[in-house]
Amino acid sequence: MADTPRYIRVNQSDNVAIVVNAGGLPKGTGFENGLTLRDHVPQGHKVNLTDIAEGDPIIRYGEVIGTAARLIPRGSWVEESLVRMPGAPSLENLPLATRVPPPQAPLEGFTFEGYRNADGTVGTKNLLGISTSVQCVAGVVDFAVQRIRQELLPRYPNVDDVVALSHTYGCGVAITAPGAAVPIRTLRNITRNPNFGGEPMVVSLGCEKLMPEWLLADGRPAPAAGNTPDIVRLQDESHHGFGDMIASILEMADKRLAELNRRTRTTCPAADLVVGTQCGGSDAFSGVTANPAVGFAADLLVRAGATVMFSEVTEVRDAIHLLTPRAATEDVGRALIREMAWYDEYLREGAADRSANTTPGNKRGGLANIVEKALGSVAKSGTSPIAGVLSPGERVDRKGLIFAATPASDFICGTLQLASGMTLQVFTTGRGTPYGLAAAPVIKMATRDALSERWHDLIDISAGGIATGRATIQDVGWELFHLILDVASGRRKTWSDHWGLRNALTLFNPGPVT
Ligand code: CA
């Protein structure tokens with residue numbers, strides 16, 4: 001027997017709703033309220049609840065997601081070609097800090113078992129990170145990491161793993177160009193990520209443009225020659241061949257591992273968490289199930305005193321008029337606009353615009369354009385005041401809800417959030433992705449039960465019950481909040497950590513390559 005036909009209308013002013021039933025609904029389907037489908041409507045795609053005349057607004061989330069390309073009779077499949085995309089909201093005269101949400105009641109008594117660092121930050125893992133100043137050394141570091149895992153790590157049971165922080169930057173780039181500041185500070189701040197315990201080591205080649213000293217201190221300190229206590233230079237004159245290089249790396253790693261091994265998990269308040277959020281492979285359910293549940297959990301974390309980041313500029317740009325009023329201060333509001341304007345210009349120089357964001361998978365999932373995607377994406381930010389804004393790769397310096405400006409690219413967003421100090425990431429997906437990071441656990445939340453059932457050994461939590469009425473946004477938000485505490489404590493392993501799925505560190509380099 002077929003399911004009862006169901007749709008979800010998010011806001012009372014919406015003139016479209018999305019079909020919930022798996023497999024979609026056939027032409028002729030009748031709903032209890034008398035609506036009859038004129039077309040087959042795939043799952044997650046839109047049906048209009050009233051006639052929409054050519055040029056009239058199509059409204060979802062209470063916002064205009066486009067205008068009708070022609071008359072759309074009630075009950076039609078409102079597919080992508082029927083939705084003309086509106087222009088992005090102007091960045092002029094946006095309201096700043098005009099509707100700052102009042103503080104919600106503090107949430108006390110929630111803790112996790114973390115690794116406290118000397119600088120006050122707390123890690124969710126105990127990792128040896130081996131930073132690199134240039135891609136030239138990546139093969140040598142990979143070889144060394146295999147040896148470290150086999151020969152050294154078994155002697156240090158309190159250390160979870162060793163991570164090679166390899167990347168494509170470091171040489172062959174315009175190192176003094178303004179855009180170079182982004183990849184350089186990203187690499188420096190990843191070295192300082194709380195999950196690496198403040199025991200940095202760097203492997204360098206010796207002739208590259210990015211000086212390894214820049215990864216260990218602010219600014220651009222003068223380079224030293226040869227090896228130092230924190231830096232192995234492969235071109236150091238004491239190295240006679242590959243074996244000597246590996247020996248130097250293993251010797252330094254052994255000292256770092258001995259230090260890291262002294263650390264054990266201690267009970268820390270939830271306020272010490274730095275949780276990043278992002279989405280990837282979004283569908284039309286993202287904005288009604290998973291992202292609002294993440295937003296609810298984000299509010300809980302903020303109430304508990306933690307730091308929560310949301311990101312992905314191109315998925316925020318079309319909802320910016322909803323965010324600047326929520327800025328805690330006018331300065332924060334101006335910083336939001338600054339990041340949007342910077343990205344507008346970056347895209348313009350590349351002869352692209354925000355419409356380049358949506359993927360074929362997004363569209364198959366029912367998202368007509370970036371406006372609809374953005375309105376669903378910002379639901380991850382919950383309802384707290386926006387307490388601060390970070391430019392790409394900057395380190396977070398405060399509690400509360402933070403907008404960390406990053407591209408929406410999953411790997412680049414993950415890399416930049418790690419630089420900002422993120423120690424655990426929550427990732428929502430509708431189409432499905434096996435995404436994972438070596439440096440921090442990633443909790444993956446499905447927007448639909450069909451995905452979490454099919455990918456039962458990749459998806460950690462499903463928000464699909466919100467669409468079927470089995471659970472509320474609050475239920476799933478609390479479930480996620482408790483899962484975050486469990487994963488941060490090492491009591492539960494994410495599927496990506498279980499299988500060892502790791503995406504590459506992927507730097508954002510707006511500067512020229514030479
Ligand atoms: Ca993303």
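Residues numbered from 1 in each chain as written. Predicted model: local features only at pLDDT ≥ 70, side-chain atom pairs only at ≥ 80, totals over all residues. Heavy atoms only, no water.

A. Molecular detail of the overall build of the chain. When you go through the chain residue by residue, the secondary structure sums to 13 helices and 20 strands. Against the globule reference of 24 Å for 514 residues, the chain gives a C-alpha radius of gyration of 24 Å, in line with a compact fold. Each of the three principal axes of the chain carries a C-alpha extent, and together these read 80 × 45 × 40 Å. The buried share among the 514 residues of the chain stands at 58%. Looking at the chain alone, contacts between residues at least 24 apart form 71% of all its contacts between residues at least 6 apart. Element-wise, carbon and sulfur atoms account for 53% of the exposed surface of the chain, whose accessible area totals about 20100 Å². Charged side chains in the chain number 49 positive and 54 negative. The centres of these two groups are separated by 2 Å. (Helix = DSSP H or I, 4+ residues; strand = E, 2+ residues; numbered from the N terminus. Rg over C-alpha atoms; globule rule 2.2 N^0.38 Å. Buried < 20%, exposed > 50% of the residue type's maximum accessible area, 1.4 Å probe, protein only. Contact = heavy atoms within 4.5 Å. Areas by Shrake-Rupley, 256 points an atom, 1.4 Å probe, with all protein chains shown as cover. Lys, Arg positive; Asp, Glu negative; His and termini not counted. Charge placed at Lys NZ, Arg CZ, Asp CG, Glu CD.)

B. View of the nonpolar core. By size, the foremost hydrophobic cluster in this structure holds 81 residues, and its most contacted members are Ile58, Leu273, Phe403, Met445, Leu480 and Ile484. The element contributing the most residues to this core is helix 12 (residues 473-488), with 8 residues. With residues up to four places along the chain from it excluded, the contact list for methionine 445 reads Ala290, Ala293, Val294, Phe427, Thr428, Thr429, Ile459, Ile461, Ala463, Val476 and Leu480. Formed by 27 residues, the second largest nonpolar core is a distinct cluster that contains Leu128, Ile130, Val137 and Met201. (Core = buried A, V, L, I, M, F, W, Y, C linked by side-chain atoms within 4.5 Å.)

C. Quick look at the sheet that holds strand 11 (residues 201-204). If you walk across this open sheet you meet the 4 strands as 10-9-11-12, and the pairing is parallel. Both edges of this open sheet fall to strand 10 (161-165) and strand 12 (231-233), since each of them pairs with a single strand only. Going from strand to strand, the sheet's axes swing by 20° on average, the running direction of each strand aside. Inspection of the sheet shows strand 9 (residues 127-132) paired to strand 10 by 5 bridges, in the parallel sense. Counterpart to leucine 128 in the pairing with strand 10 is valine 162. Contacting strand 9, strand 10 and strand 11, helix 1 (residues 138-152) runs over the sheet at an angle of about 175° to strand 10. (Pairing = 2+ DSSP bridges. Axes fitted to C-alpha atoms, helices over the stretch in contact; angles between N-to-C directions.)

D. Spotlight on the packing of helix 2 (residues 181-191) against helix 9 (residues 410-419). Viewed as axis vectors pointing N to C, helix 2 and helix 9 meet at an angle of 60°, and their least axial separation amounts to 7 Å. Relative to helix 9, the element helix 2 lies oblique. Touching Thr186, Asn189 and Ile190 of helix 2 are Thr415, Leu416, Leu418 and Ala419, all from helix 9. Class assignment for the residues of the contact of helix 2 with helix 9 results in 4 nonpolar, 3 polar and no charged. (Parallel < 35°, antiparallel > 145°, perpendicular 65-115°, else oblique. Nonpolar A, V, L, I, M, F, W, Y, C, P; charged D, E, K, R; others polar.)

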